Amino acid sequence: MSEEYKVKCIRCGACFSKEDVVYTCRKCGGLLDINYDYSGIDIERVVEAIGEGVWKYRVLLPFAEDIKPITIKEGNTPLYKCGRLAKSIGVDELWVKHEGMNPSGSFKDRGMTVGVTKAIELGVKGVACASTGNTSASLAIFAAKAGIPSYVLLPKGKVALGKVAQAMMHGAKVISLRGNFDDALRIVRVLCEEEKLYLLNSVNPYRLEGQKTIAFEIAEKLKWKVPDRVILPVGNAGNISAIFKGFLELKTVGITGSIPKMTGIQAEGAKPVVNAFKEGRGEIIPEDKPETIASAIRIGNPVNAAKALHAIRDSGGVAESVTDDEITKAQLELARQEGIGVEPASAASIAGLKKLVKMGEIEREEKIVCITTGHLLKDPERVIEICEAPKEVDADVDLIRKMVK
Ligand SMILES: *Cc1c(COP(=O)(O)O)cnc(C)c1O
Ligand SMILES: [Zn+2]
């Protein structure tokens, strides 16, 4: 259906053919975006679409009608109404969309189903990415499903255990790099130019096309009425850009009437987007030594910063940072008040909400959706650090009876 689209530079407007393997503009180095002819989109085919998950919205995806997607039934994640947490934070209506419920345990699956389907269409020999963990887990799974080799570069000793386990188990060639994520991305980008591997980091605009379906699902679950605000963690800044694009498309084709205030949360030790936002800059100043317990957003030079800053400003949103302690506290509250188990980075959205309410930036009456990006089980080591250890006892019922009083 949406075979007619352009791959267009957001900075200079240069267009590239869809057969072209290109990640950033060859003329100016700017980020690329997938542009559709929105006048040709049949609204009914979005609103009345049957099925579930990412491919339900194929009318707004960059493929021919008869495409055979590489899919593991990603998307269609739950949107929980969180009354207890809303009350304790001091807002009227809070929803949490738990992207940790995707098959691999993070939202990266939405981008990968589209990205790897595109890779197969292009006929590439293999796929590659740099990763703080979840991208590599997801890529390994989709490459396995597609039957092509995958190569992943991980910063040594800085990836949560569950994520490395997935990449290894699903057969990726895992390379442990002495360096941080930003080093890994720089190197894999060179590698992909030289080795004819297809790059599947979020600089690849096809990934964002899959991730924008988060916006479609939120709008649909809320009966095509968009919330006032969407809050999410920001690392490489692809997801916030993608979700904004999704909401913008719904408005452009005339399904919805407004766009939520896109609100990006970074960790205190890795907040180049927050700094750029607060200082009114359109470009970030990269940070050399990003540091936070939230490994998924431990990124000093986010590749999609320009798109993210547009998304935040054009929607009237904000960017704010939170400390590791605030992240941990929010992670525990989500788990214990709402039964939602998330990895640390995901809890940044809730920590950010709490901070912005306290600051008076968010009003009580707003209808808010927080995105929790990854599952608790991704990072079991962190759980052991922050929770009380189980008490060891002898097999004596009297002893145990005393303990449960
Ligand atoms: C990838 C990831 C993020 C960051 O998303 P970006 O698109 O890079 O901003 C946040 N949380 C989790 C769990 C992730 O896997
Ligand atoms: Zn350009």
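What you see is a predicted model, and the numbers here were worked out from it, not measured in a lab.

Would you take a moment to explain the site of ligand 1 for this structure?
As a structural note, the neighbourhood of ligand 1 is formed by 16 residues, with Lys108, Asn134, Asn236, Asn239 and Thr373 the closest of them. Interatomic distance of 2.8 Å between a backbone N/O atom of Ala237 and an oxygen atom of ligand 1. Within the side chain of Thr373, a nitrogen or oxygen atom sits 2.7 Å from a nitrogen atom of ligand 1. In isolation ligand 1 exposes 380 Å². Once the protein is present, 97% of that is buried. Put simply, ligand 1 lies in the largest cavity. Counted by class, the shell around ligand 1 contains seven nonpolar, seven polar and two charged residues.

Honestly, empty space enclosed by the protein in this entry has me stumped. Any pointers?
The method is simple in principle: a probe with the dimensions of a water molecule rolls over the atoms, and the space it marks as empty is what remains. Tallied over the entire structure, the rule returns three cavities of 30 Å³ or more. When its volume is computed, the largest cavity comes out at roughly 280 Å³. Along the wall of the largest cavity there are 26 residues; nearest its centre are Phe107, Lys108, Gly235, Asn236 and Ala296. Mapped by element, the contributors of at least two residues to the lining of the largest cavity are helix H4 (134-146), helix H7 (205-211), strand E10 (229-233) and helix H9 (238-252). If you tally residues by element for the lining of the largest cavity, the top one is H9, at three residues. Tallied by class, residues from the lining of the largest cavity come to 12 nonpolar, 11 polar and three charged.

Even after reading the chapter, I still don't get the coordination of the zinc ion (ligand 2), so can you show me in this structure?
Reference values for coordination geometry: four tetrahedral donors around a metal ideally subtend 109.5 degrees, six octahedral donors ideally subtend 90 or 180 degrees. Here the zinc ion (ligand 2) is held by Cys9 (SG), Cys12 (SG), Cys25 (SG) and Cys28 (SG), and the distances to it run 2.3 to 2.4 Å. Classification of the site at the zinc ion (ligand 2) rests on its four donor atoms, whose angles at the metal span 99 to 115°, yielding the label tetrahedral. All donors of the zinc ion (ligand 2) come from a single chain, and their spacing in sequence reads C-x2-C-x12-C-x2-C. Placement of the pair is Cys9 in strand E1 (residues 5-9) and Cys28 in the loop between strand E2 (15-16) and strand E3 (32-36), with a sequence separation of 19 residues. Judged by its relative accessible area of 4%, Cys9 is buried.

Cut-offs and rules
Residues numbered from 1 in each chain as written. Chains lettered and ligands numbered in written order. Predicted model: local features only at pLDDT ≥ 70, side-chain atom pairs only at ≥ 80, totals over all residues. Heavy atoms only, no water. Near = heavy atom within 4 Å. Polar contact = N/O pair within 3.5 Å; in protein donor to acceptor, adjacent residues only side chain to side chain. Areas by Shrake-Rupley, 256 points an atom, 1.4 Å probe, with all protein chains shown as cover. 1 Å grid on protein atoms, 1.4 Å probe; cavity = no way out; pocket = protein on both sides within 12 Å on 5 of 7 lines; lining within 4 Å. Sits in = over half its atoms within 2 Å of the grid points. Nonpolar A, V, L, I, M, F, W, Y, C, P; charged D, E, K, R; others polar. Points joined across faces, edges and corners; volume = space filled by probe spheres on them. Helix = DSSP H or I, 4+ residues; strand = E, 2+ residues; numbered from the N terminus. Donors = N, O, S within 2.8 Å, 3.2 Å for Na, K, Ca; no water. Tetrahedral: all angles 85-135°; square planar, octahedral: opposite > 155°, others 65-115°. Buried < 20%, exposed > 50% of the residue type's maximum accessible area, 1.4 Å probe, protein only.

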